[in-house]
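Inside the fold
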Amino acid sequence: MIDLVAFIPRAIGQSVPLLYGCTGEIITEKSGNLNLGIPGVMYVGGICGVIGAFAYEQATRGGQMVGFLAIMIPILCSLLGSLLMGLLYCFLTVTLRANQNVTGLAMTTFGVGFGNFFGGSLIKLSGSDVPTIALSRTSAYFSCSLPFADHLGWFGKIFLSYGFLAYIAFILAIYAGFALKKTRTGLHLRAVGENPGTADAAGINVTAYKYMATCIGCMVAGLGGLYYVMDYASGIWSNDAFGDRGWLAIALVIFCIWKPGIGIIASILFGGLYIIYLYIPAGMDHMELKELYKMIPYVVTLIVLVVTSMRNKRDSQPPASLGLPYFREER
Amino acid sequence: MKTKKSEPLFHIVKRKSMPIKYQMLVRLLAIVAALIVCAVVTVITTKMNPFAVFSAVFSGAFGSTRKVWITLQDTAILLIIALALTPAFKMKFWNIGGEGQVLIGGLGAAACMIVFGDKLPDPVLILIMLLSAVGLGALWGAIPAIFKAIWNTNETLSTLMMNYIAIQIVAFFTIFWEVPKGSGKIGIINQNTNAGWLFSVGNKYLLIIIIAILVTVGMYVYLKFTKHGYEISVVGESEMTARYAGIRSGLVIIRTMIISGGLCGLAGFLLVSGIHHTITTTVAGGQGFTAVMVSWLAQFNPFAMMGASLLIILLGHGASEISTSCGLNQSFGDIITGIILFFIIGCEFFIRYRVVFRKKGGKA
C-alpha cells in the first residue's frame, strides 16, 4: 500500500509549480488572453533565477552569503525575466493584435530554448571552472522548512515540511481567488475578459487591464519555474527537466473552471498523478508498464476536459472573449 | 476637470487591403530586421564576427551537397506537417496535436516493420506500413475532433493531451521492443535486411521531397477548388453561416481532422521508413509545434509554406552549426527561431492596420 505520509509531501512538492502556472494563467485568461506561452515563461522564470543565483554564488565564493540577498536576487531576476516575456506577449497580441495561439507557441519555443541554452551554456559563457550548475548553497535558503517541522511527526511532514515558495503559492492562489471575486479591480478585469467592448464603454482601460493581468500572470507563473529549480530540484538545473508541467498548468485552468481556489486542490491531485507511477508496483521484468502509468495525468486531463464540456454549465464557462483580440474600431 | 482636450499622438486604422507586392515587402523587411537582431544576439553570445555568423549559417545549411539534400529533406518533412495542419486551422480548429499524430503514425510504421519485417515481401510491407501510419494518425486526429463536434470540447488542450498520450505509448513500445534488452531503445530496425525501408528514387532524399511537392499541390487544389475546401472556409469564417447554408459543421470538423491527422501520419511514416529507420519519443522533434507557426506565417497558402519551412529549417541548421563550432548548447536554434517568429508575427500588424499620426493644427 502507498505510504501516505511519504506520498503526500512529494505530491504537494510536485503540485507547487503546477499551482503557480495555473494561478498565473487564470489571472491572464480572465483578461481574455489565452497565453499558450506559459510553458516558455516558466522556463525563463526558472533560468533567470538560476542566472541570478549563479552570479551571486560566484561573487561570494569562499565567503559568506547573506541570506536575504541569496533569496531576493534569484526571485527578482526570475520576476524580471517573466515580466519581460509577459510584456512581449502583450505587445504582440494587445498592441499589435497578433494571433494569440501563434504568439503563445512562439513564446514557448523561445522560452524553452532560452532556458535550455543558458542552462547548457552558462558555465562556458561566464568562463567559470565549475563542472555543473549546482546551486546547493542558494537552494538551502529556498528549501529551508520551518524549524519545528521535524518534531511534529506526520503532521509536520505533511503540512510544514516545505520551503517558503510553496506556501507563497497557496497564499497567492487564495488571494487571486479573493481579488477576482471580491475587489473592484477583479470585477473590472472579469468585465474585460467577458466583453471588452462593454468594459471600454464603461470607462475601463481595456489595454491597461490586459497588460497588467498578463504581466502579473506571467510573473506568478515564472515563480513556478523558480520553485522547481531552487526547491524541488535542489538547485540543480538540467535541461528539459521541467518538462511539460507548463502545459499541464494550462490544462489545470480548465479543470478548475477558472477558480484559483479549486486550482489548489486540482494541482495537488495532479501532483499526485504525476508521480503515482513510482508507487504502482510493476515488477522488474515489466519496466515498460511504468511508461503507461506516466500517461495517467494526461488521460485524466482529457477526460476532465470532455466531461466539463459535456456538462456545459453556465458558471463553468471560459471568459467569453478568451482568445480574441480587441480592436475598438471593430465593435 | 480637464479643460484642454488632448488628441492622441497617433491612432490606428484598419486597412482595406494591401497589394500583395507591399505585403511581401513588409514581411521581407521584418525578416531582415529579425536577422539583424539574431546576428547581434549571436555576436554577443559567441563573440564571433557578424559576417562569420552568416557564413556559418550558410555553410551549415548548404555547405556540401549532402547538407543541401538534408536541408531539403527536413524542409519537406516540416512542409508536410504544416500542410497537414492547414485545413484544420482554416476551419479555426487549433490542432496543436501534430506532434502526437506524427509520432503515433511513426509508431504504426515501426510496429509493422518489427512484426512483419521478415514475413512479407518488401512492397507489401511498405504499403501496410503506410496504411497503418496514416490510419493511426487519422484516428489520433479524429478523437479530439469528435469531442469538439459533439460537446464543443476545447481542441487546443485536447490535442495537446493527445500528444503526451502518444509520447507515453511510444515510450511503452520502445521498452517493449528494446534491442538489446535493457538499453531502453529500439535501435535501427531490420538493419541487415533493410525490410520496410523506403526505396530510393535517384538518391535517398529525393522521394520524400517529391512526395512533399505532390502534397503541396494536392492541398492547394483541395482547399481552393473542391467542395470540401469551400466548406472548410465557411465553417472557419462563421459557424452560423455554415449552419444556415446547410453545412453540417460537426461532420466537416471530423472529416477535416481525419485528413489532417492522416497526413501527419504520412509524415511519421516518412520519418520512420525513409529517414531514421527507428522510433523514439523524439522522432517528431517538436516539428508538430513549429509546423503550426509555419502554416500561420504562410497565411495558410501551401506554396508560401514552402518558403516558410525552408526559412525555419535553414536557420535551425545554421544555428546548430554555430552552436557546435562554438561549443554552445543546441537550443540556440530555438532562440533564433523564436526571434524570427516574433518579428514576423509582429509585422502582420502593419499589413492589416495603418498608423495615422496626429497632424499639426489638431485635425487628423
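Owing to the predicted nature of the structure, the values given are computational and were not obtained by experimental measurement. Within every chain, residues take consecutive numbers counted from 1 along the sequence as written. By the order in which they are written, chains take letters starting at A while ligands take numbers starting at 1. This being a predicted model, a pLDDT of at least 70 is required before a residue's local features are given, and a value of 80 or more before pairs of side-chain atoms are given or counted; all residues contribute to the totals for chains, interfaces and linings.

**What to know about the overall build of chain B**
Stated formally: The way it works is that DSSP assigns letters per residue, a run of H or I at least four long becomes a helix, a run of E at least two long becomes a strand, and they are numbered from the N terminus. Counting other C-beta atoms within 10 Å of a residue's own tells you its class, since 20 or more makes it buried, 12 or fewer makes it exposed, and anything in between is partly exposed; those C-beta atoms are placed from the backbone. Residues are scored as being in contact if the C-beta atoms we place from backbone atoms lie within 7 Å.
Across its full length, chain B carries 13 helices and two strands. Summarising its shape, the C-alpha atoms of chain B cover approximately 85 × 60 × 40 Å along the three principal directions. Counting every position in chain B, which comprises 364 residues, the buried fraction comes to 49%. Taking as baseline every contact in chain B between residues at least 6 positions apart, the subset at least 24 positions apart corresponds to 78%.

**Concerning the overall build of chain A**
Quick note on the threshold: Here the radius of gyration uses the C-alpha set of atoms, whereas the globule reference equals 2.2 Å times the residue count to the power 0.38.
Per the secondary structure count, chain A includes 14 helices and zero strands. Counting from the amino terminus, helix and strand elements in chain A follow one another as α-α-α-α-α-α-α-α-α-α-α-α-α-α. At 20 Å, chain A has a C-alpha radius of gyration in line with the 20 Å of a compact globule built from 331 residues. For chain A, the spread of C-alpha atoms along the principal axes amounts to about 60 × 50 × 40 Å. Taking the contacts inside chain A whose residues are at least 6 apart along the sequence as the reference set, 80% of them involve residues at least 24 apart.

**A look at the environment of B:Ile143**
With respect to the element layout, B:Ile143 can be found in helix 5 (residues 122-151). Sequence separation between B:Ile143 and B:Ile258 is 115 residues, and the spatial gap between their C-alpha atoms is 9.1 Å.

**Notes on helix 10 (residues 206-232) of chain A**
Formally: Helix span, expected: 1.5 Å multiplied by one less than the number of residues in the helix.
With 27 residues, helix 10 of chain A should cover 39 Å at 1.5 Å per step; its first-to-last C-alpha distance of 38 Å lies within 8% of that length. Among the residues trailing helix 10 of chain A, A:Ser234 stands out with phi positive, at a value near 55 degrees.

**Observations concerning the interface of chain A and chain B**
Under the convention used in this document: Under this grouping Gly is polar, as are all residues other than the nonpolar Ala, Val, Leu, Ile, Met, Phe, Trp, Tyr, Cys and Pro and the charged Asp, Glu, Lys and Arg.
Opposite the 42 residues of chain A that make contact, chain B presents 39 residues. Broken down by secondary-structure element, the contributors of at least two residues to the side of chain A that touches chain B are helix 3 (67-95), helix 4 (100-126), helix 11 (245-255), helix 13 (288-293) and helix 14 (296-311) of chain A. When residues of the side of chain A that touches chain B are assigned to their parent elements, the largest contribution, 16 residues, is made by helix 4 of chain A. The residue inventory of the side of chain A that touches chain B, partitioned by class, reads 25 nonpolar, 10 polar and seven charged.

**A closer look at the nonpolar core**
For soluble globular proteins, nonpolar side chains are generally found buried alongside one another. Note the cut-off: Any nonpolar core is a set of buried residues, restricted to Ala, Val, Leu, Ile, Met, Phe, Trp, Tyr and Cys, that join up through C-beta atoms within 7 Å.
Ranked by internal contacts, the top residues of the largest apolar core, which has 212 residues, are A:Tyr227, A:Leu252, B:Ile80, B:Ile81, B:Ala267 and B:Val294. Setting aside residues no more than four positions away along its own chain, B:Ala267 makes contact with B:Ile77, B:Ile80, B:Ile81, B:Ala84, B:Val102 and B:Gly105.

**Focus on the pairing of strand 2 (residues 353-357) of chain B**
Residue and element names in this part refer to chain B. The line we're drawing: Note: two strands are recorded as paired if DSSP finds a minimum of 2 bridges between them.
Burial of strand 2 is sparse: only zero of the five residues sit out of reach of the surface. Here five bridges tie strand 1 (residues 10-14) to strand 2, and the two strands are oriented antiparallel to one another. The residue bridging Ile12 from the neighbouring strand is Val355, located in strand 2.

**Here we look at the environment of A:Val304**
Residues and elements named next belong to chain A. Among the structural elements, Val304 can be located in helix 14. Given 18 C-beta atoms within 10 Å, Val304 falls into the partly exposed group. It is 26 Å that separates the C-alpha atoms of Val304 and Tyr43, two residues lying 261 residues apart in sequence.

**As for the packing of helix 7 (residues 206-225) of chain B against helix 8 (residues 227-237) of chain B**
Residues and elements named next belong to chain B. Rule in force here: Each axis is a line fitted through C-alpha atoms, taken for helices only over the stretch in contact, and angles between the N-to-C directions span 0 to 180 degrees. The scheme is simple: roughly parallel for angles under 35 degrees, roughly antiparallel for over 145, roughly perpendicular for 65 to 115, oblique for anything else.
The geometry of helix 7 relative to helix 8 is characterised by a closest axis approach of 5 Å and an angle of 65 degrees between their N-to-C directions. In terms of orientation, helix 7 lies roughly perpendicular with respect to helix 8. Contact residues: Tyr222, Leu223, Lys224 and Phe225 in helix 7; His228, Gly229 and Ile232 in helix 8. Taken together, the residues of the contact of helix 7 with helix 8 break down into four nonpolar, two polar and one charged.

**Section: the packing of helix 1 (residues 4-30) of chain A against helix 10 of chain A**
Residues and elements named next belong to chain A. For the pair helix 1 and helix 10, the least separation of the axes is 7 Å and the interaxial angle reads 170 degrees. Classified by the angle their axes make, helix 1 and helix 10 are roughly antiparallel. For the pair formed by helix 1 and helix 10, the contact residues are Gly13, Val16, Pro17, Tyr20, Gly21, Thr23, Gly24, Glu25, Ile27, Thr28 and Lys30 on the first element and Ala213, Thr214, Ile216, Gly217, Cys218, Val220, Ala221, Leu223, Gly224, Tyr227, Tyr228 and Tyr232 on the second. Tallied by class, the residues present in the contact of helix 1 with helix 10 amount to 13 nonpolar, eight polar and two charged.

**Things to note about unusual backbone geometry**
All names here are of chain B. Located in the positive-phi region is Asn152, a residue other than glycine, with phi close to 60 degrees. Residue classification places Asn152 among the exposed positions, given that 12 C-beta atoms sit within 10 Å. Phi is positive for His277, close to 55 degrees, though the residue is something other than glycine.

**So, helix 7 (residues 164-182) of chain A**
All names here are of chain A. In plain terms, the rule: Taking the helix axis as origin, the arc is that swept by the directions to the C-beta atoms.
With 19 residues, helix 7 ought to run about 27 Å at 1.5 Å a step, and its terminal C-alpha atoms sit 26 Å apart, in line with that. Residues Leu165, Ala166, Ala169, Phe170, Ala173, Ala176, Gly177 and Leu180 constitute the buried set of helix 7. In a view along the axis of helix 7, the buried residues occupy a sector of 150 degrees, so they form one face of it. Seen from the buried face of helix 7, the exposed residues on the opposite side, beyond 90 degrees, are Ile171 and Lys182. Packed against the buried residues of helix 7 are helix 1, helix 5 (136-142), helix 8 (184-194), helix 10 and helix 12 (260-275).

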